[in-house]
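# Report on the structure
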Amino acid sequence: MLAIEGTTLHNNKDTSNLEIIFNQRDICSAAPHSDDLVVISIQTGELLVRKVLLDPGSSADVLFYATFLKMQISEKLIQPSSGELVGFSGERVPIKGYIWLKTMMGNHPLSRTTDIQYLIAQDGKIATLHSDRQQARQCYNASLKRSALRLEFQQEVKAIHNAIEVLSLAELDPREDTQERPQPADELQKIPLMEKPERFTYIGQALQGKERSELVKVLQDNADLFAWTPADIPGIDPSIICHKLATNKASRPIAQKKRNLGADKSRAALEETEKLLKANFIKEIRFTTWLSNVVMVRKNSGKWRMCVDFTDLNKACPKDAYPLPCIDKLVDSASGFKSLSFMDAYFGYNQILMHPEDQSKTAFITEHGNFCYRVMPFGLKNAGATYQRLMDKVFHHQIGRNMEIYVDDMVAKTTHGKLHCDDLKEVFEQVQTYRMRLNPEKCAFGVRGGQIPRIHANITRYRGKPRKM
């Protein structure tokens, strides 16, 4: 973030090759925490900016408009761009555009010059904060409410960047182990779908007699629509939908510098990579343009989850404003029905293929090579909109009549006087037509109606919680 705190103008009027220079003295610090926020001075063209904030955890390089004017750069070089910068407390600053500036760090010959895209924002307020970092970390560690299992595996915070470097990442299933899924209030019982006892799903325990036997038969007749391993997923036909990355042509591809992982994280990353390769979700790639790092996040169970940092790629993609349903209206629409069935797709996002031209943009780097996704991974900016678009297309004739959907939450509903099995057969027919597969362990069929308030509360908590990453 570039901001003026006193300036010194030089007599040199030549700004044809404007550069921002970081001197060696600017990066030298006696502070023990080299990754904390740093304030330095830089030389750019005719202007000496005495105080520049370097934030290793920031998601944007910001140049205030007042500073830009004092640099005496032509405003014709500003590329138009609309939008706002949103702060942690919700404050919003309008964006006037962006500009590419050469930035040099260090002294020759130990110097490096790179092009940085600066967002030009309206003037903001600058303040100086003084704090005791050691005391702040002690307070933070003391306030953590961790279970005995997490205390065994999770280390205390040692630096500020540990708490922010894993934001806005992608993982195989971000709901697993972190979020409470919507659950019906009715008691459930297992019913086998095949001869193998481990292949089962759940139905409402209140079902009795003929109604129960008919529901079990419908589920067993459609057992091929459930998946127990990634190999059971045929994938959505690309002619129906695939995920396309509409990257901004003005955005330059960014290859993130490889981050070193510890021994435990490296072994866990290798195991997760082998699982993805075996599932045919990823493939090895040799030549890359965009390249992202993996970040290993500890689960509550003590195991590792491999995430991919798509921050740079997401910044280069415009938002897909496909409308999502209103949760309150969905809950009202599902109220007062005789029977309900809750369904969840098996790795739903991963059933959609990436567009062949965009697979290489999802490349990520590991200790054992570079790989890219064949399927749509979690964490991409518009993945949710793509999945909602697919659901609206697949269940176009059912939504609002005997089914409600919010992204990957599906509820089949049946009114009084009708058979719930008939509605399920209609839903299963669409699932079969579009080659979707359901997750039997996260489905509940034939649940009594009238339990929507509890479900609505769970959905609200699930949608309102911040990502735990």
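Just so it is clear, the model here is predicted, and its values are computed rather than measured.

Basis of the calculations
Residues numbered from 1 in each chain as written. Predicted model: local features only at pLDDT ≥ 70, side-chain atom pairs only at ≥ 80, totals over all residues. Heavy atoms only, no water. Helix = DSSP H or I, 4+ residues; strand = E, 2+ residues; numbered from the N terminus. Buried < 20%, exposed > 50% of the residue type's maximum accessible area, 1.4 Å probe, protein only. Contact = heavy atoms within 4.5 Å. Axes fitted to C-alpha atoms, helices over the stretch in contact; angles between N-to-C directions. Parallel < 35°, antiparallel > 145°, perpendicular 65-115°, else oblique. Nonpolar A, V, L, I, M, F, W, Y, C, P; charged D, E, K, R; others polar. Phe/Tyr/Trp six-rings, centres within 6.5 Å; stacked < 30°, edge-to-face > 60°. Lys NZ or Arg CZ within 6 Å of the ring centre and 35° of its normal.

All right, on to the overall build of the protein then. Across its full length, the protein holds eleven helices and 20 strands. Burial status across the protein gives 43% buried among its 469 residues. In the protein, the proportion of contacts linking residues at least 24 apart, taken out of those at least 6 apart, comes to 71%.

Moving on, we come to the packing of helix α5 (residues 209-221) against helix α10 (residues 420-433). The geometry of α5 relative to α10 is characterised by a closest axis approach of 10 Å and an angle of 10 degrees between their N-to-C directions. Taken as axis vectors, α5 and α10 run roughly parallel relative to one another. Counted together, E214, L215, V218 and L219 of α5 and C421, L424, K425 and F428 of α10 form the full contact between these two elements. Per-class residue counts for the contact of α5 with α10 are six nonpolar, no polar and two charged.

Right, let's get into unusual backbone geometry. One non-glycine residue, F347, adopts positive backbone phi at about 45 degrees. As for its placement among the helices and strands, F347 is situated in the loop between β15 (339-343) and β16 (364-366). The class of F347 is partly exposed, set by a relative accessible area of 23%. Within the chain, R435 stands out as a residue other than glycine whose phi angle is a positive 60 degrees. Its location among the elements puts R435 in the loop between α10 and β20 (444-448).

In this structure the tally under the stated criterion is twelve aromatic pairs. Where Y65 meets F68, the ring centres are 6.2 Å apart and the plane angle is 20 degrees; that geometry is what we call stacked. Here Y65 pairs with F68, and both are found in helix α2 (residues 65-70), just three residues apart, close to one helical turn. For F68, a relative accessible area of 0% gives the class buried. Consider the rings of F364 and Y373, whose centres lie 5.6 Å apart with planes at 45 degrees: the pair is tilted. Owing to a relative accessible area of 6%, Y373 belongs among the buried residues under this scheme. Of the aromatic side chains, those joined through ring pairs into one cluster are F226, W228, F428 and F445. Note that K190 overlies the ring of F200, its terminal NZ or CZ placed 4.4 Å from the centroid. For the cation-ring pair, R252 lies above W100, with the distance from its terminal atom to the ring centre recorded as 4.4 Å.

Interpretation note: all reported values are geometric properties and have no functional meaning in isolation.
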